[in-house]
Amino acid sequence: MSSNKLNEQAKGVFIIAATPFTDDGALDLQSVDTLTDFYLGCGVHGFTLLGMMGEAHKLTAEESISVVNRVIGRAQGRQVIVGVSHAGLENVRRLSHEAMIAGAAGVMVAPPPGLKGDDGIYNYYAQVFQALGPDIPVVYQDYPQTTGVYLPANVFERLVDDFKQLVMLKHEDAPGLAKLTRIREGEKKPGRRRVSILVGNGGIYYPQEMRRGADGAMTGFAWPEMLVQVYDLFAKGKPEEAEDLFDIYLPLVRHEVQPAIGLALRKEVLFRRGAIKSPKQRAPGSSLTATDKTELDSLIARLERRLASAGRLPKAAE
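K.L.:
I tried to follow the pattern of salt bridges on my own but got confused; where do I start?
P.N.:
Should their charged atoms come close, side chains of opposite charge can pair. For the coordinates displayed, the defined rule picks out 28 salt bridges. Of the charged contacts in the structure, one is a salt bridge between E187 and R184, with a shortest N-O distance of 2.7 Å. With its nearest N and O atoms 2.8 Å apart, the salt bridge here joins R184 to D215. With R184 in helix α7 (residues 177-186) and D215 in the loop between α8 (206-211) and β8 (216-217), this pair connects stretches of sequence that are 31 residues apart. Counted as one network, the salt bridges with shared partners bring together K11, R184, E187, R194 and D215.

K.L.:
Which parts of the structure should I look at to understand the sheet that holds strand β3 (residues 79-83)?
P.N.:
The strands that make up a sheet are held in pairs by hydrogen bonds between backbone atoms, and each pair lies either parallel or antiparallel. Sheet architecture is closed into a barrel: eight strands sit in the order β1-β2-β3-β4-β5-β6-β7-β8, paired in parallel fashion. The pairing of strand β1 (residues 12-16) with β8 spans two bridges and is parallel. In the strand pairing of β8, G12 is matched with G216. Against the sheet, helix α2 (residues 61-74) engages β2 (46-49) and β3, with an angle of about 175 degrees to β2. Across the sheet, α7 is in contact with β5 (138-142), β6 (166-171) and β7 (196-199); its angle to β7 comes to roughly 170 degrees.

K.L.:
I keep staring at the packing of helix α3 (residues 89-102) against helix α4 (residues 118-132) and nothing clicks. Help me out?
P.N.:
Any two packed helices are characterised by how steeply their axes cross, that is the angle between the axes, and by the distance between the axes. Two elements in contact, α3 and α4, have axes whose closest approach is 9 Å; the angle formed by their N-to-C orientations is 45 degrees. As summarised for this structure, α3 and α4 are arranged oblique, according to the angle between their axes. In this structure, α3 meets α4 at a crossing whose hand is right-handed. Side by side, α3 and α4 meet where L89, V92, R93, S96 and H97 of the first sit next to Y124, Q127, V128, A131 and L132 of the second. Grouping the amino acids of the contact of α3 with α4 by side-chain chemistry returns six nonpolar, three polar and one charged.

K.L.:
For this particular structure, what's the right way to read helix α11 (residues 262-272)?
P.N.:
Owing to its 3.6 residues per turn, the α-helix aligns residues three or four sequence positions apart on the same side. In terms of residue burial, α11 counts as a mostly covered element, since nine of its 11 residues are buried. Buried within α11 are the following residues: G262, L263, A264, L265, R266, K267, E268, V269 and L270. Next to the buried residues of α11 lie α1 (29-41), α10 (239-256) and α12 (290-309). Downstream of α11 by one or two residues, G274 has phi in the positive range, about 80 degrees.

K.L.:
How should the packing of aromatic side chains be read in this particular structure?
P.N.:
If you walk through the whole model with that rule in mind, you get 10 aromatic pairs. With centroids separated by 6.1 Å and ring planes inclined at 70 degrees, the aromatic side chains of Y39 and F47 adopt a geometry described as edge-to-face. For the pair Y39 and F47, one class covers both residues: buried. Between Y125 and Y140, the aromatic rings sit 4.3 Å apart at their centres with planes inclined by 25 degrees, giving stacked as the arrangement. Placement of Y125 in helix α4 and of Y140 in strand β5 is noted, with a sequence separation of 15 residues between them. Accessibility expressed as a relative area gives 1% for Y125, which makes it buried. Relative accessible area serves as the criterion here: at 0%, Y140 is assigned to the buried category. What links up through ring pairs into an aromatic cluster is the set Y122, Y124, Y125, F129, Y140, F156 and F163. When the ring centre of Y122 is taken as origin, the NZ or CZ atom of R158, which lies over that ring, is 4.1 Å away.

K.L.:
Looking at this structure, how should I read the pairing of β1?
P.N.:
Sheet faces and side chains relate simply in a regular strand, where the side chains alternate between the two faces. Of all five residues in β1, five are buried, a share of seventy percent or more. With α1 bridging β1 and its parallel neighbour β2, the resulting β-α-β unit is right-handed.

K.L.:
Would you explain the nonpolar core in this entry?
P.N.:
The nonpolar side chains of a soluble globular protein tend to be buried with one another. Ranked by internal contacts, the top residues of the largest apolar core, which has 106 residues, are Y39, F47, Y206 and Y249. Apart from the residues lying within four places of it in its own chain, the contact partners of Y39 are I15, I16, A17, A18, V44, F47, P224 and L270.

K.L.:
How should the environment of A264 be read in this particular structure?
P.N.:
Relative to the assigned elements, A264 resides in helix α11. Residue class for A264 comes out buried when judged on its relative accessible area of 5%. The spatial distance from the C-alpha of A264 to the C-alpha of V195 is 33 Å, given a sequence separation of 69 residues. Setting aside residues up to four positions removed in sequence, A264 forms contacts with Q281, S286, S287 and L288.

The rules behind the values
- Residues numbered from 1 in each chain as written.
- Predicted model: local features only at pLDDT ≥ 70, side-chain atom pairs only at ≥ 80, totals over all residues.
- Heavy atoms only, no water.
- Salt bridge = Lys/Arg side-chain N within 4 Å of Asp/Glu carboxyl O.
- Helix = DSSP H or I, 4+ residues; strand = E, 2+ residues; numbered from the N terminus.
- Pairing = 2+ DSSP bridges.
- Contact = heavy atoms within 4.5 Å.
- Axes fitted to C-alpha atoms, helices over the stretch in contact; angles between N-to-C directions.
- Parallel < 35°, antiparallel > 145°, perpendicular 65-115°, else oblique.
- Left-handed = near helix turned anticlockwise from the far one by under 90°.
- Nonpolar A, V, L, I, M, F, W, Y, C, P; charged D, E, K, R; others polar.
- Buried < 20%, exposed > 50% of the residue type's maximum accessible area, 1.4 Å probe, protein only.
- Phe/Tyr/Trp six-rings, centres within 6.5 Å; stacked < 30°, edge-to-face > 60°.
- Lys NZ or Arg CZ within 6 Å of the ring centre and 35° of its normal.
- Right-handed = clockwise from strand over helix to strand, strands pointing away.
- Core = buried A, V, L, I, M, F, W, Y, C linked by side-chain atoms within 4.5 Å.

Written out as C-alpha cells, the structure reads:
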C-alpha cells in the first residue's frame, strides 16, 4: 500500500478525471496518459478516479484497475483517490484494497441510493469502515442530488468522532453553504477533529465555499487551471482577485453543470484542448447537437477574449 496516504490536511484541487473511450466505446489507455499529463500541466494537486463523471459504473472490474494503475504510474507522486461506491459492500471492500495496493492515497464512498434516516447513514458507514479496516483513508461523497441521501451535519460529525479513517468530505450538497459553515463551526468544539472538505458541483459555488472554509475543489471542470489559480489566490489571501478570475470562467462553469449534457460538454472541451482523442462516452451516454456545439464555440470564444483582456491565458496553453 502507498505510504503517501490521504489525511485531514489535504488541500488544493483534486481533479475528477474523465475516463477516455475510443469512438467505438473501448477504453482508451493512451488517452488516459495524455489526459493525466494535461491535468498535471494545469497544476492539479491530486486526482480522483472512477467518480460519477468518470463513468465508473460502465467499466468492468479489470478496466477500473487498469485506469487506476495507469494514472498512478503517471501522476508524478500526486495523491490519487479512487471512487469505490457500489451496491454490494464486498465489492466496495475488494476494489478499495486493490486500489490501495496499486498505490492509491485513499478511497471515496457514496451512500447507496435510497438509504433512509440518520441511523441508516451512520450504520452503513460503520459497516464500510469495519469492512475496510482502520488503515484505508475514506472520503464521504455527499451528493444527494444523485443519491437521494441527505447527510445532516450532525450525522457527519458523529462519523468523524467515531471513525478516524474518515478524513475528508466531498461536499456537493446544493444548496449546501449553510451545512459547510455548520461543520466548520462544529469543529471548534473541544476534542473534535477538523477534516478536509473539497467541493464539487462543477465549481459553481467555489469562491463562496472557499470563503466558508473549504480546502479546495474536487470537480471535473474542463479548465482545471482556473480551479488551481483560484485556490492559489485564496491561499495567498487574495479572495477578491480570486473571485474576479472565477467570474471570467463563470459562463462556462454554469454551462457545464447542465444535468443532461454536462459530461458531453466536458469531454468535448477536453477533446478540443487535445487532452483526449475522442469525446465519446461509453453507451448509454449523451451527445451534443450541432446547436450545442455552436453555443460552446461562442462561449469559448468569449472566454478567450476575456482572458486576453485580463492578460491571462489558460495555463495548458502558455
